[in-house]
Amino acid sequence: MKKYASFGNRLSAHLGDIIIVNLVGMSIVILKIGIEELFNLATVKILNYETLILIIWCLYSSIFNSSNFKGTLGKRKLGLIIVDVNGRKLSIAKSFVRFVIGFLLFGIIIGMIPILFTRKKQGIHDILLSTVVIRKR
């Protein structure tokens, strides 16, 4: 029998991923500033920090969730995987769409409420894309 990840498990993994994504974002900013200082360059600011983080988050989530890890590093640390309802790994396209829908719905919180009440602990983005988050251990 599958053990579906609880809201608390998913939230904990999400918080770990927030730390990872922000560390990557800060590293990129520090590296950019360091290079500008080293070569005395005046560069044009193309992206604000929030947009950079959103791009990193989208790539990180889409790539890791569709990889053989079947989840982000935060999920992996907690023994969680994301699969379709048949247990198959997600395609990169499905993972990307899942991220976009989840991001848009999480922003208004409504998308996560069903995790508390559905048998398979699915958010709206999971229901729409027929995905589940499972506890491996």
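Residues numbered from 1 in each chain as written. Predicted model: local features only at pLDDT ≥ 70, side-chain atom pairs only at ≥ 80, totals over all residues. Heavy atoms only, no water.

1. Topic: the overall build of the chain
Looking only at helices and strands, the chain features five helices and two strands. Secondary structure elements of the chain, listed N to C terminal, follow the sequence α-α-α-β-α-α-β. With respect to the three principal axes, the spread of C-alpha positions in the chain is 60 × 30 × 25 Å. Counting only residues that meet the buried cut, the chain has 35% of its 137 residues in that class. (Helix = DSSP H or I, 4+ residues; strand = E, 2+ residues; numbered from the N terminus. Buried < 20%, exposed > 50% of the residue type's maximum accessible area, 1.4 Å probe, protein only.)

2. Quick word on the packing of helix H2 (residues 49-66) against helix H4 (residues 92-106)
Where H2 contacts H4, the axes come no closer than 8 Å and their chain directions differ by 135°. With respect to H4, the element H2 is oriented oblique. As for the relative orientation of H2 and H4, their crossing is right-handed in sense. The segment H2 lies against H4, with Leu-54, Trp-57, Cys-58, Ser-61, Ser-62, Ile-63, Asn-65 and Ser-66 engaging Ile-92, Ser-95, Phe-96, Arg-98, Phe-99 and Phe-103. (Axes fitted to C-alpha atoms, helices over the stretch in contact; angles between N-to-C directions. Parallel < 35°, antiparallel > 145°, perpendicular 65-115°, else oblique. Left-handed = near helix turned anticlockwise from the far one by under 90°. Contact = heavy atoms within 4.5 Å.)

3. Things to note about unusual backbone geometry
Even without being glycine, Lys-121 reaches a positive phi, approximately 55°. Inspection of the secondary structure assignment puts Lys-121 in the loop between H4 and helix H5 (124-129). One non-glycine residue, Ser-130, lies in the positive phi region at around 55°.

4. Things to note about the packing of aromatic side chains
A full pass over the atoms with the stated rule returns four aromatic pairs. On the numbers, 6.3 Å between centres and 55° between planes, the contact of Trp-57 with Tyr-60 is tilted. Taken together, the residues Trp-57 and Tyr-60, both in helix H2 and three residues apart, mark about one turn of the helix. Trp-57 gets classed as buried once you look at its relative accessible area, which sits at 15%. Ring plane angle 20° and centroid distance 5.9 Å describe the contact between Phe-99 and Phe-103, whose orientation is recorded as stacked. A residue pair is termed a helical-turn pair when its members lie 3 or 4 positions apart in one helix, as Phe-99 and Phe-103 do in helix H4 at four residues. Residue Phe-99 is classed as buried on the basis of its relative accessible area of 9%. (Phe/Tyr/Trp six-rings, centres within 6.5 Å; stacked < 30°, edge-to-face > 60°.)

5. Digging into the side chain of Thr-72
Following the sequence through the fold, Thr-72 ends up in the loop between H2 and helix H3 (73-77). Side chain to side chain, Thr-72 and Asp-17 meet in a polar contact 2.5 Å long. Every residue in contact with Thr-72, bar those within four places of it in the chain, is listed here: Asp-17, Tyr-60, Ser-61, Phe-64 and Asn-65. (Polar contact = N/O pair within 3.5 Å; in protein donor to acceptor, adjacent residues only side chain to side chain.)

6. Considerations on the pattern of salt bridges
Enumeration according to the criterion identifies three salt bridges in this entry. Residue Arg-98 pairs with Asp-126 through a salt bridge whose shortest N-O separation is 2.9 Å. Placement of the pair is Arg-98 in helix H4 and Asp-126 in helix H5, with a sequence separation of 28 residues. Of the two residues, Arg-98 and Asp-126, both sit in the buried class. (Salt bridge = Lys/Arg side-chain N within 4 Å of Asp/Glu carboxyl O.)

7. Re the environment of Val-132
Here Val-132 lies in strand E2 (residues 131-135). For the pair Val-132 and Leu-78, spaced 54 residues apart in sequence, the C-alpha to C-alpha distance is 15 Å.

In short, the description is geometric, and any link to function would need to be established separately.
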